[in-house]
Amino acid sequence: MFFIASKIFWMLASPIDLLLAGALVGVLLAHGRHARFGRALALAAILILVAAATLPVGLLLIAPLEDRFPPPPADLPPPEGIIVLGGAIDDLASAARGQTVFDEGGERLTEAVILARRYPQARIAYTGGSASLTGGTSTEALQARNFMVAMGVAPERVTIEDKSRNTDENARFTAAIVHPQPSQRWLIVTSAFHMPRAMGVFEKAGFHPIAYPVAFRTLGGEGDPRVILDPAKNLSIFQLALHEWIGLAAYWASGRIDHLFPGPGNDE
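On a predicted model such as this, the values are computed, not experimentally measured, just so you know. (Residues numbered from 1 in each chain as written. Predicted model: local features only at pLDDT ≥ 70, side-chain atom pairs only at ≥ 80, totals over all residues. Heavy atoms only, no water.)

It is worth spelling out the pattern of salt bridges at this point. Counted according to the given criterion, the structure contains 7 salt bridges. Between Asp 258 and Lys 204 there is a salt bridge, and its shortest N-O distance comes to 2.6 Å. Here Asp 258, found in the segment after helix H10 (231–253), pairs with Lys 204, found in helix H9 (residues 195–204); they are 54 residues apart in sequence, far enough to count as distant. Of the residues examined, Lys 204 reaches a relative accessible area of 43% and is grouped as partly exposed. Linked by salt bridges that have partners in common, Asp 168, Arg 172 and Arg 256 make up one network. (Salt bridge = Lys/Arg side-chain N within 4 Å of Asp/Glu carboxyl O. Helix = DSSP H or I, 4+ residues; strand = E, 2+ residues; numbered from the N terminus. Buried < 20%, exposed > 50% of the residue type's maximum accessible area, 1.4 Å probe, protein only.)

Printed below as a string of structure tokens:
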């Protein structure tokens, strides 16, 4: 039910779509009895869209998410395993073209291969199924394993979980397969902006997780916020950041994570 509700919510309440709808409704109202309200609504929606497209608003929103968990130290002791969250591969394009086509989170998979070589005894789990409301099947996890094997990772090291539809199910379904123990440490590989929510659900599922954030959109430190002269990219980051903040709030309110903004010191 939670999955269906969240999918329907984002179909109806995508931030960019809401702003565009607000601008349109405002323009329509501006020619009727509610002209003043309509003009104010249209102007506000347009100004927010223009700001998000031309200014680093999205980067400011996404920076706290990306900086929440720093990468682990280079001398980190070998972990029990490496868990890679889905979102690295364009499932349909890969199947159609007969080769691995990376999505925006492709670094999740390439960094996983690097980690597999760095920790040759670590188990590897790739988790991700279909996020379709119609319940379609996904071959992303299988394609991810094939890619890792082609890059030199032994196939017997790679476990795939291909039924999960969201981050909560990533954690619960993977736990049911690998049976984490309190003494074991598992690296969690996902996009940096997504790491707080991922760490929250994997802790809830019984893992001792160690964050390994990848696919950064910000520079970190004094380099932020930078100016990106690409309105489409700015809007994409703006929407992505709002989506993740709302996702954190929804997961916390529904009890899927124990803290509104999971971080390294939450359990201290």
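From this point, the narrative continues.
One turn of an α-helix holds 3.6 residues; hence residues three or four places apart share an orientation. Its 12 residues place the ends of helix H8 (residues 167–178) 17 Å apart at the C-alpha level, agreeing with the 16 Å of an ideal helix rising 1.5 Å per residue. Looking at H8, one finds that the buried residues are Thr 167, Asp 168, Glu 169, Asn 170, Ala 171, Thr 174, Ala 175 and Val 178. Next to the buried residues of H8 lie strand E1 (81–85), strand E2 (123–127), strand E3 (158–161), strand E4 (186–191), H9 and H10. The opening residue of H8, the one whose side-chain oxygen lies 3.3 Å from the backbone nitrogen of Asp 168, is Asn 166. Just beyond H8, the residue with positive phi is His 179, at close to 50°. (Expected span 1.5 Å × (residues − 1). Contact = heavy atoms within 4.5 Å. Polar contact = N/O pair within 3.5 Å; in protein donor to acceptor, adjacent residues only side chain to side chain.)

What follows concerns the pairing of E1. With 5 of its 5 residues buried, E1 lies for the most part within the structure. Relative to E2, E1 is paired through 5 bridges, and the arrangement is parallel. Its bridge partner being in E2, Ile 83 is matched across the sheet by Ala 125. (Pairing = 2+ DSSP bridges.)

Strands sit in the order E3-E2-E1-E4-E5 across an open sheet of 5 strands; the sheet is parallel. A single partner strand is all that each edge strand has here, and the edge strands are E3 and strand E5 (209–214). Ignoring which end each strand starts from, the neighbouring axes of this sheet average 20° apart. The pairing of E2 with E3 spans 4 bridges and is classified as parallel. Its bridge partner lying in E3, Ala 125 is registered against Thr 159. Along the sheet, helix H7 (residues 140–150) contacts E2 and E3; its crossing angle with E3, the most-contacted strand, is approximately 165°. Of the strands in this sheet, E1, E4 and E5 touch H9, which is tilted by about 160° from E5. (Axes fitted to C-alpha atoms, helices over the stretch in contact; angles between N-to-C directions.)

What follows covers H7. Taken together, the buried positions of H7 are occupied by Glu 140, Ala 141, Gln 143, Ala 144, Phe 147 and Met 148. The arc enclosing the buried residues of H7, seen along the axis, measures out at 160°, which places them on a common side. Of the surrounding secondary structure, the elements contacted by the buried residues of H7 are helix H5 (91–97), helix H6 (107–118), E2 and E3. One or two positions beyond H7, positive phi appears at Gly 152, with a value near 105°. (Arc of directions from axis to C-beta.)

For the rest of this paragraph, the subject is the packing of helix H4 (residues 57–67) against H10. At a closest axis distance of 8 Å, the pairing of H4 and H10 adopts a crossing angle of 40°. It follows that H4 is oblique to H10 by the angle criterion. Note on packing geometry: the crossing formed by H4 with H10 is left-handed. Across the interface between the two elements, Val 57, Gly 58, Leu 59, Leu 61, Ile 62, Pro 64 and Leu 65 of H4 pack against Ile 237, Phe 238, Leu 240, Ala 241, Leu 242, Glu 244, Trp 245 and Leu 248 of H10. Of the residues assigned to the contact of H4 with H10, the class counts are 13 nonpolar, 1 polar and 1 charged. (Parallel < 35°, antiparallel > 145°, perpendicular 65-115°, else oblique. Left-handed = near helix turned anticlockwise from the far one by under 90°. Nonpolar A, V, L, I, M, F, W, Y, C, P; charged D, E, K, R; others polar.)

Between H9 and H10, whose axes approach to 9 Å, the crossing angle comes to 20°. By the angle between their directions, the pair H9 and H10 is classed as roughly parallel. At the point where H9 passes H10, the crossing takes the left-handed sense. Listed contacts from H10 to Pro 196, Arg 197 and Val 201 of H9 are His 243, Glu 244, Gly 247, Leu 248 and Tyr 251. Classifying every residue of the contact of H9 with H10 by side-chain character gives 4 nonpolar, 2 polar and 2 charged.

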